[in-house]
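# Report on the structure
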Amino acid sequence: PSAPPQDVKCVSTKSTTILVSWQPPPPESHNGILAGYSVRYGALDSEDPEVKEVKDIPSETTEILLEALEKWTEYRITVVAYTAVGPGPESSPVVVRTDEDVPSAPPRKVEVEVLNSTAIKVFWRSPVQNRQHGQIRGYQVHYVKIENGEAKGLPFIRDVMLTDSQWEMDDTAEYVSNMSLFLPYVCAFHN
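A few points on the structure. Remember, predicted model here, so these are calculated numbers, not experimental data.

Let us look at the overall build of the protein chain. On a plain count of helices and strands, the protein chain comes out with zero helices and 13 strands. Counting helices and strands in the order they occur from the N terminus, the protein chain gives β-β-β-β-β-β-β-β-β-β-β-β-β. Residue burial in the protein chain is summarised as follows: out of 191 residues, 34% are buried. Nonlocal contacts in the protein chain, meaning residues at least 24 apart in sequence, comprise 59% of its contacts between residues at least 6 apart. Of the roughly 12200 Å² that the protein chain leaves accessible, carbon and sulfur atoms contribute 52%.

Written out as structure tokens, the structure is:
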């Protein structure tokens, strides 16, 4: 073919998949019978710069689901039509990012500083960049009273939401939360 597939669209359907759709090249540019398509894709700014290719897509197919992709990663995608003689030109590249997902690593370098008998300060760093899988918008600090080395009761949870200006795209940010440790107790009285 002397023209690429037309109207290439890419939509992330979840954190590890992208749906790629297209239309055939204009009929006057087929230069024979279309034998099929191939889709080429590669992660931008990835440790693995290899361009992958899905080949032998039947000529009547005009969409394919790319699976097992990296979470929250930008991909460059092109589509090529071919005849029995060989491939035509690539379509214009489309860049699309897979959806966000939950982090796959915990916060790092968690430290606690005792302020007084009822308060502590908790420090931590965000998970490493390639394990965040999206924009970290906040954290939860869980704490529980310990007696004789065992947890007593259910943990208390403190939400630490980040403002837009605190959102970091790397893993160098350090966060701090001061917490009072006044724990509620339930008392029962008998008449």
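On to the sheet that holds strand β5 (residues 63-66). Taken together, the three strands give an open sheet; going across it, the order is β1-β2-β5, and neighbouring strands pair in antiparallel fashion. Taken across any chain shown, the strands that pair with only one partner, and hence form the sheet edges, are β1 (6-14) and β5. Going from strand to strand, the sheet's axes swing by 15 degrees on average, the running direction of each strand aside. Sheet topology note: the β1/strand β2 (residues 17-23) ladder contains six bridges and is antiparallel. Across the sheet, the residue bridging to C10 is V20, located in β2.

For the rest of this paragraph, the subject is the side chain of S38. Topologically, S38 is positioned in strand β3 (residues 36-43). For S38, the side chain forms a polar contact with the side chain of E53, separated by 2.9 Å.

Attention shifts here to the side chain of S29. Counting through the fold element by element, S29 comes out in the loop between β2 and β3. S29 has contacts with P1, S2 and A3, leaving out every residue within four places of it along the chain.

Turning next to the pairing of strand β6 (residues 74-82). The buried fraction of β6 is high, at seven of nine residues. Relative to β6, β3 runs antiparallel, the two sharing eight bridges. Residue G36 lies in a different strand from β6, and its bridge partner there is Y82. Sheet analysis places β6 next to strand β8 (residues 94-97), joined by four bridges and oriented antiparallel. In the sheet register, R76 faces β8, and the bridge partner there is V95. Counted along the chain from β6 to the antiparallel partner strand β7 (residues 87-90), the turn is four residues long, and its residue G86 has a positive phi close to 155 degrees.

How each quantity is defined
Residues numbered from 1 in each chain as written. Predicted model: local features only at pLDDT ≥ 70, side-chain atom pairs only at ≥ 80, totals over all residues. Heavy atoms only, no water. Helix = DSSP H or I, 4+ residues; strand = E, 2+ residues; numbered from the N terminus. Buried < 20%, exposed > 50% of the residue type's maximum accessible area, 1.4 Å probe, protein only. Contact = heavy atoms within 4.5 Å. Areas by Shrake-Rupley, 256 points an atom, 1.4 Å probe, with all protein chains shown as cover. Pairing = 2+ DSSP bridges. Axes fitted to C-alpha atoms, helices over the stretch in contact; angles between N-to-C directions. Polar contact = N/O pair within 3.5 Å; in protein donor to acceptor, adjacent residues only side chain to side chain.

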